[in-house]
Structure formats: structure tokens, C-alpha cells
Amino acid sequence: MIHDTYTFQDLSEICYHLRKYKDMEEDWQADFCNVYGELVVSFDNDAETMERIQDEDEKYAMVTELMDIAMQMGKSW
């Protein structure tokens, strides 16, 4: 299993890093942390994520949806 951790400052960085996993067949998990090292959101190779990262618009929509949830839970970046 591949487990990567990234520090990000805006949503486009998350979308950029998710490109790496678009065609990956191995199990993976990507954690995205704010500049303080706090985990904000995590993605893995479940069927829905793999389907949505194939299309740039769907990938951005997915990231935006999850970041909205993270913000409602008090996470910040």
C-alpha cells in the first residue's frame, strides 16, 4: 500500500496531487495536512474516488465537497 502525506495551502494543490493516483492500480491513501501538520482530509482508492478523479471537473467537485465538510468540522488550512 502506498501512503503519502502532503501539506497544502489551496484546493488546486490537492487536485494536482490526486492526478498521481488516476491510473494507479495498487492500494493507496493520500492524506492532506494544513501548514500546521493537522490532517484535514484523506483520500483512498475506493470505487467512488477512483471514478471521480478520472475527470478534472468531478475531481475538483469532490475535493470541494470534502473540504466543505472538513471546514464544518472545524478544520482549517
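What you are looking at is a predicted structure, and each value in this text was computed from that prediction instead of being measured.

Would you mind going over the overall build of the chain with me for this structure?
Within the chain one finds 3 helices and 3 strands. Relative to its length of 77 residues, the chain is compact, with a C-alpha radius of gyration of 12 Å against a globular reference of 11 Å. Here the C-alpha coordinates of the chain stretch approximately 30 × 25 × 20 Å along the principal axes. Among the 77 residues that make up the chain, the fraction classed as buried is 35%.

In this structure, what is going on with the nonpolar core? I would like to understand it.
In summary, soluble globular proteins display a tendency toward joint burial of nonpolar side chains. Core analysis: the biggest nonpolar cluster contains 19 residues, and Ile14, Leu18, Trp28, Phe32, Phe43, Val63 and Met67 have the highest contact counts within it. Beyond its immediate stretch of four places on either side in the chain, Phe32 contacts Tyr6, Phe8, Ile14, His17, Leu18, Glu38, Leu39, Val40, Val41 and Phe43.

Scoring rules and cut-offs
- Residues numbered from 1 in each chain as written.
- Predicted model: local features only at pLDDT ≥ 70, side-chain atom pairs only at ≥ 80, totals over all residues.
- Heavy atoms only, no water.
- Helix = DSSP H or I, 4+ residues; strand = E, 2+ residues; numbered from the N terminus.
- Rg over C-alpha atoms; globule rule 2.2 N^0.38 Å.
- Buried < 20%, exposed > 50% of the residue type's maximum accessible area, 1.4 Å probe, protein only.
- Core = buried A, V, L, I, M, F, W, Y, C linked by side-chain atoms within 4.5 Å.
- Contact = heavy atoms within 4.5 Å.

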